[in-house]
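# Residue-level structure breakdown
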Amino acid sequence: MEFSRLNLMKLGQIATITITNPPANVLDQQLFLELGQVLGQCNEDYTVRVIIVTGEGKMFVAGADIKALASVPSAEVGIALARQGQQLFHQIEQLEKPVIAMINGACLGGGLELAMACHLRIAADSAKLGLPELRLGLIPGYGGTQRLPRLVGRSKATELILTSALIDGTEAERIGLVSRAVPLTELELAVHTLAETICERSPLSIVAALVAIDQGCMSDEKGYQVEREGFGGLLESSDAHEGMKAFLEKRSPHFRGC
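The present account deals with the structure reproduced in this document. Quick caveat: nothing in here was measured; it's all calculated off a predicted structure. (Residues numbered from 1 in each chain as written. Predicted model: local features only at pLDDT ≥ 70, side-chain atom pairs only at ≥ 80, totals over all residues. Heavy atoms only, no water.)

## With respect to empty space enclosed by the protein
Keep this limit in mind: Think of a 1 Å grid over just the protein atoms. A cavity is a set of points where a 1.4 Å probe fits yet cannot get out, a pocket is an open set with protein on both sides within 12 Å along at least five of seven lines, and lining residues have an atom within 4 Å of a point. Grid points are joined across faces, edges and corners, and a volume is the space filled by probe spheres set on the points. The residue classification treats Ala, Val, Leu, Ile, Met, Phe, Trp, Tyr, Cys and Pro as nonpolar and Asp, Glu, Lys and Arg as charged. All others, Gly included, are polar.
For the structure on display, the rule yields one cavity of 30 Å³ or more. Residue composition of the lining of the largest cavity, by class: seven nonpolar, one polar and no charged.

## Re the packing of helix H3 (residues 75-94) against helix H4 (residues 110-117)
Here is the rule we go by: Here the axes come from fitting lines to C-alpha atoms, over the contacting stretch only for helices, and the angles between their N-to-C directions go from 0 to 180 degrees. Starting at the N terminus, helices and strands are each numbered in turn, a helix being any DSSP run of H or I of at least four residues and a strand any DSSP run of E of at least two. Should an angle fall under 35 degrees it is called roughly parallel, over 145 degrees roughly antiparallel, and 65 to 115 degrees roughly perpendicular, with every other angle called oblique. Only heavy atoms enter the contact rule, under which two residues are in contact if any of them lie within 4.5 Å.
The interhelical angle for the contact between H3 and H4, taken along N-to-C directions, is 25°, at an axis separation of 8 Å. Viewed along their axes, H3 and H4 adopt a mutual orientation that is roughly parallel. Together, Phe89, Ile92 and Glu93 of H3 and Gly110, Glu113, Leu114 and Ala117 of H4 make up the contact between the two elements. Of the residues belonging to the contact of H3 with H4, the class tally is four nonpolar, one polar and two charged.

## Looking at the sheet that holds strand S6 (residues 106-108)
Counted only if it meets this: At least two DSSP bridges between two strands are required for those strands to pair.
Pairing is mixed in the open sheet, where four strands are placed in the order S4-S6-S8-S9. Where the open sheet ends on each side, the last strands, each with one partner, are strand S4 (59-61) and strand S9 (167-168). Looking at chain direction, S6 and strand S8 (residues 128-130) are connected through two bridges and run parallel. Bridged to Cys107 within S8 is Leu129. Running at roughly 90° to S6, H4 makes contact with S4, S6 and S8 of the sheet.

## Examining the packing of helix H1 (residues 29-44) against H3
The cut-off we apply is this: The crossing is said to be left-handed when, going from far helix to near helix, the turn is anticlockwise and less than a right angle, and right-handed when the turn is clockwise.
As a packed pair, H1 and H3 sit with axes 10 Å apart at the nearest point and diverge in direction by 20°. In terms of axis orientation, H1 runs roughly parallel to H3. As for how H1 packs across H3, the hand of that crossing is left-handed. Of H3, the residues touching H1 (which contributes Gln29, Phe32, Leu33, Leu35, Gly36, Leu39 and Gly40) are Leu81, Gln84, Gly85, Leu88, Phe89, Gln91 and Ile92. Counted by class, the contact of H1 with H3 contains eight nonpolar, six polar and no charged residues.

## A look at the environment of Ala124
Relative to the helices and strands, Ala124 resides in strand S7 (residues 120-124). Sequence separation between Ala124 and Met102 is 22 residues, and the spatial gap between their C-alpha atoms is 8.2 Å. With residues up to four places along the chain from it excluded, the contact list for Ala124 reads Ile103, Asn104, Gly169, Val182, Leu184 and Leu187.

## Thoughts on helix H10 (residues 221-234)
The criterion, for reference: Take the residue count of a helix, subtract one, and multiply by 1.5 Å to get its expected span. Accessible area is worked out with a 1.4 Å probe on protein chains only. A residue is then buried under 20% of its type maximum, exposed over 50%, and partly exposed in between. Directions pointing from the helix axis toward each C-beta atom define the arc.
The end-to-end C-alpha distance of H10, which contains 14 residues, comes to 20 Å, matching closely the 20 Å that a straight helix rising 1.5 Å per residue would cover. Among the residues of H10, those classed as buried are Gly223, Tyr224, Glu227, Arg228, Phe231 and Gly232. The buried side chains of H10 occupy one side of the element, clustering within an arc of 160° when seen end-on. Summarising the contacts, the buried residues of H10 are in contact with helix H2 (66-70), H3, H4 and helix H5 (144-152).

## Observations concerning the sheet that holds strand S10 (residues 180-182)
The six strands lie next to each other as S1-S2-S3-S5-S7-S10, forming an open sheet whose pairing is mixed. Edge positions in the sheet fall to strand S1 (6-11) and S10, since each of these pairs with one other strand and no more. Going from strand to strand, the sheet's axes swing by 20° on average, the running direction of each strand aside. As paired elements, strand S2 (residues 14-19) and strand S3 (residues 50-55) share six bridges and run parallel to each other. Within S3, the position partnered with Ile17 by the bridge is Val53.

## Regarding the pairing of S7
Buried residues dominate S7, accounting for four of its five residues. Relative to S10, S7 runs parallel, the two sharing three bridges. Across the sheet, the residue bridging to Ala123 is Ala181, located in S10.

## Regarding the packing of aromatic side chains
Heads up, the condition is: Pairing of aromatic rings covers Phe, Tyr and Trp, the last counted by its six-membered ring, and requires centre-to-centre distances within 6.5 Å; plane angles under 30 degrees mean stacked, over 60 mean edge-to-face, and any other angle means tilted.
A complete count under the given rule lists four aromatic pairs for this structure. On the basis of an interplanar angle of 85° and a centroid distance of 6.1 Å, the ring pair of Phe89 and Tyr142 is categorised as edge-to-face. One end of the pair, Phe89, is in helix H3; the other, Tyr142, is in the loop between S8 and H5, and 53 residues separate them in sequence. For the pair Phe89 and Tyr142, one class covers both residues: buried. On the basis of an interplanar angle of 50° and a centroid distance of 6.2 Å, the ring pair of Tyr142 and Phe231 is categorised as tilted. Placement of Tyr142 in the loop between S8 and H5 and of Phe231 in helix H10 is noted, with a sequence separation of 89 residues between them. The burial state of Tyr142 is the same as that of Phe231; both residues are buried. Put simply, the rings of Phe32, Phe89, Tyr142 and Phe231 touch in pairs and so form one group of aromatic residues.

Below, the structure written as structure tokens:
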């Protein structure tokens, strides 16, 4: 199966999915579809034991396609888009094979939401991570408001979301957003060493462990509903139109609260 924006490479029992949507590897509907397909393919391949997700070049995923978001015609379309992203990332969480996010560079907005849906995250210490959606007059729409508090605690998550702050890999490790931060030159080796260690464990025990962990961190569907409705509604606001227009025009936005 050919994918226009993904590259799938298998090395022994490890499958690496590389997002190739230059220049910033942004997420869009086509990429959502391809990622869902390739993840399903890897999950059904009995020879694959661990899946790695990363980005091509200097980016992991720099966010969603702002041009596409700026053209969303209604809250209903925005809600449907958020639901598509939420469902894809929920699919990742539910896979019976561990998924490791190899964060090689900018991991922002939807990119961080993708990484947070993975079972494990290892980042380059120089990588930049954050949820900058409020700069656009929006909120995270693909599960970010739900997963970030579970990973780093409600207070820190609220600070990061409300300020749109960006942190590096070292700080992300300190607060528990990633399990490890290493120099970029050591990132691939660190991730593959981890993947190989996991491959040595019993497949049945890995599945049982993932299910048990997931049940213990059971998500509340109501939270995801509120998130996507808030995301979709904001796409109709003047502030969101101004925020995205300012981003595309490379200027500071002028929000009016409407």
